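The residues making up each chain are set out below.
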Amino acid sequence: MVIDIKNAAQHSGKEVEFRGWCHNLRSSGSIMFLQLRDGTGRIQGVVPKSEVSAETWAAAQTLTIESSVIVRGVIKDEIRAPSGVELVVKDVQPVSIAAEYPIGKKEHGIDFLMDQRHLWMRSPRQEAILRIRDEISFALREFFKLRGFVLTDSPIFTPNAVEGTTDLFEVKYFDDKAYLSQSGQLYLEATSAALAKTYCFGPVFRSEKSKTRRHLTEFWMLEAEAVYMDWLENMRLQEDMLVHVLRRILRERRDDLKTIERNTATLEKASEGGFPRIHYNEAVAQLQKLGSDVKQGDDFGGDDETILTKQYEKPIFIHHYPAAIKAFYMKPDPNEPEHVLNNDLLAPEGYGEVIGGSQRIDDLALLEKRLEEHKLPKEAFAWYTDLRRYGSVPHSGFGIGLERTVAWVCGLEHVRESIPFARTLNRLTP
Ligand code: 4AD
Ligand code: MG
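Reading the values: the criteria
- Residues numbered from 1 in each chain as written.
- Chains lettered and ligands numbered in written order.
- Predicted model: local features only at pLDDT ≥ 70, side-chain atom pairs only at ≥ 80, totals over all residues.
- Heavy atoms only, no water.
- Core = buried A, V, L, I, M, F, W, Y, C linked by side-chain atoms within 4.5 Å.
- Buried < 20%, exposed > 50% of the residue type's maximum accessible area, 1.4 Å probe, protein only.
- Helix = DSSP H or I, 4+ residues; strand = E, 2+ residues; numbered from the N terminus.
- Contact = heavy atoms within 4.5 Å.
- Pairing = 2+ DSSP bridges.
- Axes fitted to C-alpha atoms, helices over the stretch in contact; angles between N-to-C directions.
- 1 Å grid on protein atoms, 1.4 Å probe; cavity = no way out; pocket = protein on both sides within 12 Å on 5 of 7 lines; lining within 4 Å.
- Points joined across faces, edges and corners; volume = space filled by probe spheres on them.
- Nonpolar A, V, L, I, M, F, W, Y, C, P; charged D, E, K, R; others polar.
- Near = heavy atom within 4 Å.
- Polar contact = N/O pair within 3.5 Å; in protein donor to acceptor, adjacent residues only side chain to side chain.
- Areas by Shrake-Rupley, 256 points an atom, 1.4 Å probe, with all protein chains shown as cover.

Draft legend 1. Structural view of the nonpolar core. Counting 59 residues, the largest nonpolar core has Ile 136, Leu 140, Phe 144 and Trp 408 as the members making the most contacts within it. The greatest single-element share of this core, amounting to ten residues, is contributed by helix α6 (residues 231–252). Once you skip the residues sitting within four places of it in the chain, Leu 140 turns out to touch Phe 201, Leu 222, Met 241, Val 245, Ile 400 and Leu 402. Of all hydrophobic cores here, the second largest spans 23 residues; its members include Phe 18, Val 47, Val 69 and Val 71.

Draft legend 2. Local environment of the sheet that holds strand β16 (residues 342–347). Ordered by their spatial adjacency, eight strands build an open sheet running β6-β10-β11-β18-β17-β16-β13-β12, and the pairing between neighbours is mixed. Each end of this open sheet is capped by a strand with a single partner; those strands are β6 (150–151) and β12 (277–279). Relative to strand β11 (residues 218–227), strand β10 (residues 197–205) is paired through nine bridges, and the arrangement is antiparallel. Directly across from Cys 200, in β11, lies its bridge partner Glu 223. Taken strand by strand, helix α10 (residues 302–309) contacts β13 (316–319), β16 and β17 (352–359), and its axis lies near 70° from that of β16.

Draft legend 3. Up close: the layout of surface pockets. Reported here for the second largest pocket is a volume of approximately 960 Å³. Lining the second largest pocket are 31 residues, with Gly 41, Arg 42, Pro 82, Ser 83 and Thr 259 positioned closest to its centre. Every element with two or more residues in the lining of the second largest pocket is listed here: β3 (42–48), β5 (85–96), α4 (124–146) and α7 (254–259). Of the residues in the lining of the second largest pocket, the class split is nine nonpolar, ten polar and twelve charged.

Draft legend 4. Region of interest: empty space enclosed by the protein. Under the criterion given, the structure shown has two cavities of 30 Å³ or more. Reported here for the largest cavity is a volume of approximately 50 Å³. In terms of lining, the largest cavity is formed by Arg 213, Arg 214, Tyr 351, Arg 404, Ala 407, Leu 412, Glu 413, His 414 and Val 415. Here the lining of the largest cavity is composed, by residue class, of four nonpolar, one polar and four charged. By volume, the second largest cavity amounts to about 30 Å³. Taken together, Ile 5, Phe 18, Arg 19, Gly 20, Trp 21, Leu 36, Arg 37, Val 69 and Val 71 make up the lining of the second largest cavity. At the level of elements, β1 (15–27), β2 (31–37) and β4 (67–77) are the ones that each hand at least two residues to the lining of the second largest cavity. With four residues, the top contributor of residues to the lining of the second largest cavity is β1.

Draft legend 5. Structural view of the site of ligand 1. Looking at ligand 1, there are 22 residues lining it, with Glu 163, Arg 206, Glu 223, Glu 353 and Val 354 nearest. Contact between ligand 1 and Leu 216: a nitrogen atom at 2.9 Å from a main-chain N or O atom of the residue. Here Arg 360 contributes a side-chain N or O atom positioned 3.0 Å from an oxygen atom of ligand 1. Burial of ligand 1 by the protein amounts to 94% of the accessible area it has alone, namely 630 Å². When residues of the shell around ligand 1 are traced back to their parent elements, those giving at least two are β11, β17 and β18 (395–401). In the shell around ligand 1, the residues fall into seven nonpolar, seven polar and eight charged.

Set out below in structure tokens:
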């Protein structure tokens, strides 16, 4: 019977077949140890020379690291094994003998490993990270389904900018030009006016020339938008969403978190909810006290975010940023018009901004004025301003970056490990 390695313990005492790869092996002349993996888990296979046929022994001897192989044997309890079981091998069927594997036991530099990303992802740590990424994506979708949001996919070819004109990727579009989408938000504002609560989840693109541990040129963002939702309810929704995601990860991905040696204390803490909400002015004052040279009106750099988040054990919301440093669509607070009804969510442990959200301008005249101030072409935004012409309502939304979330949840040093194939300023391959 073919089974997944992850289910091996349930088949103790039985004869089973695994189809996978030999990710490592060692031999002592009379016994061979095969580290087998099949994408669902890992198990040690023991081949005792005296108990297998001469053909099986010879076949096992041909195996190399990462050779693909079909193995049959009997599952045996083994308290010293991480999964509690091992396989006493009876039969070995090599499928394809691998050439000398470029990734060895010695330490490799990160550039080498990123060049070998197509192979590196087979290592236990990378495999675990990708499984956690999958679980986060699923938990996000699950949350919005449970809350009655409708998935409306936003286009990737777009005629205009959303998040500023400086980091747009331009592409040829027949005889014209188009841009790769920086955000699906404007389209969500249209779909939410049709379906009340909508979200999209897809790749977005920014040609930011930032070589930081937080920036990719292609990343995945889940964006949500809801009508008649104000900025306070918007933060509440973000908090509920993160709590839902964290609880699911802590429940379903324990083994993977253990594999990557993630200290889960901060994740447990965050999964309680109750994230502090801090006004931008207060954040600036705090930062200045902590020795930052940030001034009123400035945006926070990565270092500022790190200093600030280190003061709290949970993620924090910073709201009411100055309008001047934020996107054109954010609604100014009528009580302090120099500040907008927005929020960033900063993750703890120095991870910084993971979510950006805001209440949107719902007044046509003000929106048109803001477009002008940002020197954005009126014609390209005609359909968007229409939304304020035909039954405008107060509405809010946000976007959560998947890679930054994965990086925080996994405790990664850099977002490049949080996505199967990272795209950065310096990398387009593999
Ligand atoms: O703060 P941003 O730019 O917000 C928007 O795009 C809004 N239109 C979202 C909305 O309200 N619908 O980006 C949102 C999130 C950031 O908080 C961050 O997590 C992630 O996207 N992000 C990046 N992740 C990786 N690499 C980059 N270059 C990123 N830029 C933003
Ligand atoms: Mg932002």
